[in-house]
Each structure stands twice: as C-alpha cells, then as structure tokens.
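# Examination of the molecular architecture
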Amino acid sequence: MTDLNIIYENVSGLADYAVRAGLITDRDRTYTINRILSKLKLDSFEECGHGGKNAGDLEGILSVLLDYAAEKGLIESNSVLYRDLFDTELMDCLTPRPSEVAARFERLYEDSPKAATDWYYDFSCKTDYIRTYRIAKDIKWIAPTKYGDLVVTINLSKPEKDPKAIAAALTATQSDYPRCQLCAENEGYAGRVNHPARANHRIIPVTINGSAWFLQYSPYVYYNEHCIVFNAEHTPMKIDHAAFDKLLDFIRQFPHYMVGSNADLPIVGGSILTHDHFQGGNYEFPMARAPIDRPVSIKGYEDVEAGIVKWPMTVLRLTSSDAARLSDCADKVLKAWREYSDDSQFIFAYTRRADSEPVTHAPVTYDEHSDDYIPHNTITPIARMRNGRYELDLVLRNNITTQEHPLGVYHPHSEHHHIKKENIGLIEVMGLAILPARLKKELSELANALAFGKDISEDEVLGKHADWISGIRGRYDKESFSDSADALEILKKETGLVYADILDQCGVFKRTASGQEALMRFIRSIG
C-alpha cells in the first residue's frame, strides 16, 4: 500500500518541475496540483516536500504516480502502453493551451526563426511529448564506407506493445478520429489502445506556399530537432511541382533547417502515404556532405547548377539562388523521370496490370485515367540552404517488383533481411539507418558467438545471420574476435557495410560504368 505522503510529495514535485521548466508560473501552481489530484482521484492534499528523492527527476516522479495509478486501478494494465496513456494526461495538466504556445512561437520568430524552433523543441522535451530519457537509450554509431561516414542507429525509444495491449487493440472499437497520426486533431487527444496519446501535444500553425500547414517534432527524434511539417488537410502525399515549391518555401522561412519528402509510391515511400507531410530538422545528413561526382546540365536550365552526387543511390543535386527557377527545373526532371524506361538497366516507368501476372516488364503508354497500368517512377526530394542559395537533391526511385524480389527490386534484397527488411524512406536515403530494436540483443549474442567460436546455424533466433557471420569469419583473423567487445565493434562496422550495400541496391542507376552512362542518357533525354 503506497504511503499517501509519498504521492503528495511527487504531486508537489511535478508542479515544481512545471514551474522550473517554464510551463506554468507560481501563480498556476495550486491550480495545477488540483488538476493532477483530479487525475489521481484524490480529494485531499498536504504539502509534504517537493518531490522527495525524485525532486527534479521527471521520469522518477511520473514513475511513482504511475505505480500508484496502477495500484488503484486507474489504468487498465500496468504496461507501457497504458502507463503512457495515463502519464500523458498528467503532463497535459502542466502544458499550456495551443493558442499560448503558438503565440509565443510567433513572438520568438520575429527575433529569428532559430530562436523560435530552439524554444519549441525545448518545450516539446519539457512537456514529455519527446521522452528524452527513452531516446537516450537509442544506440548510434558511425560507419565508415566508400561513400563517407554513414550513421547507423538501433531505435529503442518506440515502446513495443505487450501481448495484452495487442489483444485489446484487436477488440477495441474502431474509430476514424483522428483520421491518422499526422492529423491536426491529434493535438490534445487522450489516445486509446490503438492510437497514441497526444494530450500534451502542441502544434505550430505555419503557412507553406500560401496554404495552411502545421509544424511539430517527431516524438522519437531520429536526429537533431527531427520535425514533421504536415498539411492541415488530410490529403495524400504527392510529389509534383507544388511539392518542390512547398519544400523551398519552408527553408526560406526556416533557413537553418533542411526538409524533405518521402516518395509518393508504396515500397519507396514512407509509412504514411495518406497524409501530405515533410520531415526536416537542424541536422546535416551524410548525403548532404557527399560531393558532386560529375557536373551536368539540364537542357533549358543551364543557369541552374546541377550535378550527380557521389552516393550509392541515384541523386541529382540542383542549386540556384532563384527558388522559382529551381522548382521549375526540378519539375522538369520529375516529369521526365515519371515517363522514363531503360530496359538495359531494368528500369520501367509502368507495367501492365494483369490478373495472371501482376508484373509484366515492358514499357507502355500510360493513360492516367486507366487502371490497366501501374506507375513505378517517382522522386524523393530534399531541400536545404547552402551558402545563401537554395539546394534540391532529387533521389530517383522505382518501386517495381519481381518474383525474385517481391518486396521490390530497388529495395533491401533478401540476403540483407536479417539486418533490414523494411522500406528505405527519406531518412535512410540520406544516410541514417534506422534498424529494428531486436538487433541490440542479436548483435550482442552474435559477438559472443564470434568470440567463443559458437555455431549459430541451428539457432532459432540467430540462424538467420549464419551466412553473414560465416562471411565475416572468413574476412578476419581469429585474433580479431579475441573477446566479445572486439567482436561487437567488428559487427557494427559490418552492419554499416550492409547498410551501404542496401543503399546500392536501392539505386536505380548503378555506380558502374554502364550504370553511369545510362544515367547520362536519362539526363540528356530531359528536354
């Protein structure tokens, strides 16, 4: 039975945290305490210290209050999912209203865009919308490759659902409110077993290319100040001339940020194609550091600086001080690529839809009003400011599938699925791998297997890595695996090389002599 004095201590501690974090003022403290007591179904209170041993430790304070909520049956199950639903309600007691947040952002923006985003990011952390103590558990390392240093991460901050939560989600009443996890209606939403809690979520209205959009941060922060910019309307992703205009308008308003869009087709697109959105942040990705391998010229846009980027995927970099001119040039490239096929490189803009054979490999004439053809070519665009000029990276994508590669020809191939099977989206295109949480344990156990000479081929979990481990053993002396720590460092290096090879596989024009000549044929065809 929890001592109520300990609960009172931590209620006080939570209110004091909010004052110190600038979320409320001293004048709001009593009001805030009463709101917290209401969530905990407590009708009395005594000042018994200010957080006790957890003073100033938000995670510790919330943990005590969540344990009490579980003990009193205020949450359905003492699991991460239900605890997250409840502690978000507690944090909402401390979080200012949306209009106050937006007004402060606007005032700071008048000083500088960076001052506004600095404050908003810090605010999103202090409200626990971004759970910094979870993100600190993510594993990250630098992987040297022939394309420069790539970044490899194992994401541990997104909680896995427990069996009870999974079962509850299957039987839960289905709702289309909010319509998706990006809709503006998520702001302040309490959440449910099949939709994340967003009670402490606040979004910033922005105008992008004359239309209403919103700015927020990703709660999982895959890189510094990882933001999401999303359309106020629930409308599908579409890469077109307007998308380039919007990307360039965003970096005009926030020149210290980069911003990009996932492609608008399955396999090569993001996980949410139903809601138009971009991702950006205050971060320089490895691809941004990659040099121009070969300058080129786009017919009719000789004034726009253009070049092929030295990168495993096929990237055209366009640069200009004139945003409108740059957008027009990018649109010309996009329209040419949408229709381009080269059977010598197994690139087909369209395939005919057939009942007996879902994929046929022959160029076709596309009628956009017909269901007989499937489009395959699109672009992943990324925008940034560099030395006062606008820069667009256009990554050519194709989502064709075959019997040999049913998940995609330009997608991680089956020999790499033991490391990465999921789609390669915007973030990974730019050189930051997001690997599944299972690899934390698996890499550690593989390191032990290397150090102690263990055969893993029959292991139920590790067996999928057997061919990879066999190849690694063949490339290194036994002395290299003298202990598990050394073996783990080798595995990290080799994981980075797998990621680089995956990016090679996703490149539509290969970095071979024939592949690069084929790319030049495409560039010359733009006109």
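It should be noted that the structure appears before, not after, this text.
Keep in mind that what you see is a predicted model, and the values were worked out from it rather than measured.

## Observations regarding the packing of aromatic side chains
Describing an aromatic ring pair means giving the distance of the ring centres and the angle of the ring planes. Per the counting criterion, the structure on display carries 21 aromatic pairs. Both rings, one in Tyr8 and one in Phe45, keep their centres 5.4 Å apart while their planes meet at 75°; by these two values the pair is edge-to-face. Residue Tyr8 is found in helix H1 (residues 4–20), and its partner Phe45 is found in the loop between helix H2 (29–39) and helix H3 (58–71); the two are separated by 37 residues along the sequence. For Tyr8, a relative accessible area of 5% gives the class buried. The structure contains a cluster of three or more aromatic residues connected by ring pairs, namely Phe105, Tyr109, Tyr120, Tyr121, Tyr217, Phe250 and Phe254.

## Looking at the packing of helix H13 (residues 438–451) against helix H14 (residues 466–475)
For the pair H13 and H14, the least separation of the axes is 12 Å and the interaxial angle reads 45°. Compared by their axis directions, H13 and H14 come out oblique. The interaxial crossing formed by H13 with H14 has right-handed handedness. On the side of H13, the interface is formed by Leu443, Leu446, Ala449 and Leu450, while H14 contributes Trp468, Ile469 and Arg473.

## Let's talk about the sheet that holds strand E5 (residues 227–231)
Strand order in this open sheet of 10 strands is E3-E4-E5-E7-E6-E13-E14-E10-E9-E8, and the pairing throughout is antiparallel. What marks the edges here is a single partner per strand, and that holds for strand E3 (204–208) and strand E8 (292–296). Put simply, the sheet's adjacent strands are angled 25° from each other on average, direction ignored. In terms of strand pairing, strand E13 (residues 377–386) meets strand E14 (residues 389–398) through 10 bridges, oriented antiparallel. Paired with Ile382 across the two strands is Asp393, which belongs to E14. In this fold helix H6 (residues 113–126) packs onto E3 and strand E4 (211–217), with an angle of close to 55° to the strand it touches most, E4. Contacts between helix H11 (residues 323–338) and the sheet are confined to strand E10 (315–320), E13 and E14, with E14 contributing the most and set at about 10° to the helix.

## Overview of the side chain of Asp504
In this fold, Asp504 is placed in helix H15 (residues 484–506). Among buried Asp, Glu, Lys and Arg side chains, Asp504 stands out as unpaired, with Lys146 the closest opposite charge at 4.4 Å. For Asp504, the residues in contact, after removing those within four places along its chain, are Lys146, Tyr147, Pro312 and Lys510.

## Examining the pattern of salt bridges
In total, this model carries 33 salt bridges according to the counting rule given. The shortest N-O distance in the salt bridge between Arg252 and Asp249 comes to 2.8 Å. A residue pair is termed a helical-turn pair when its members lie 3 or 4 positions apart in one helix, as Arg252 and Asp249 do in helix H9 (residues 241–253) at three residues. The structure contains a network of salt bridges with shared partners spanning Asp84, Asp87, Asp128, Arg131 and Arg134.

Quick notes on the rules
- Residues numbered from 1 in each chain as written.
- Predicted model: local features only at pLDDT ≥ 70, side-chain atom pairs only at ≥ 80, totals over all residues.
- Heavy atoms only, no water.
- Phe/Tyr/Trp six-rings, centres within 6.5 Å; stacked < 30°, edge-to-face > 60°.
- Helix = DSSP H or I, 4+ residues; strand = E, 2+ residues; numbered from the N terminus.
- Buried < 20%, exposed > 50% of the residue type's maximum accessible area, 1.4 Å probe, protein only.
- Axes fitted to C-alpha atoms, helices over the stretch in contact; angles between N-to-C directions.
- Parallel < 35°, antiparallel > 145°, perpendicular 65-115°, else oblique.
- Left-handed = near helix turned anticlockwise from the far one by under 90°.
- Contact = heavy atoms within 4.5 Å.
- Pairing = 2+ DSSP bridges.
- Lys, Arg positive; Asp, Glu negative; His and termini not counted.
- Salt bridge = Lys/Arg side-chain N within 4 Å of Asp/Glu carboxyl O.

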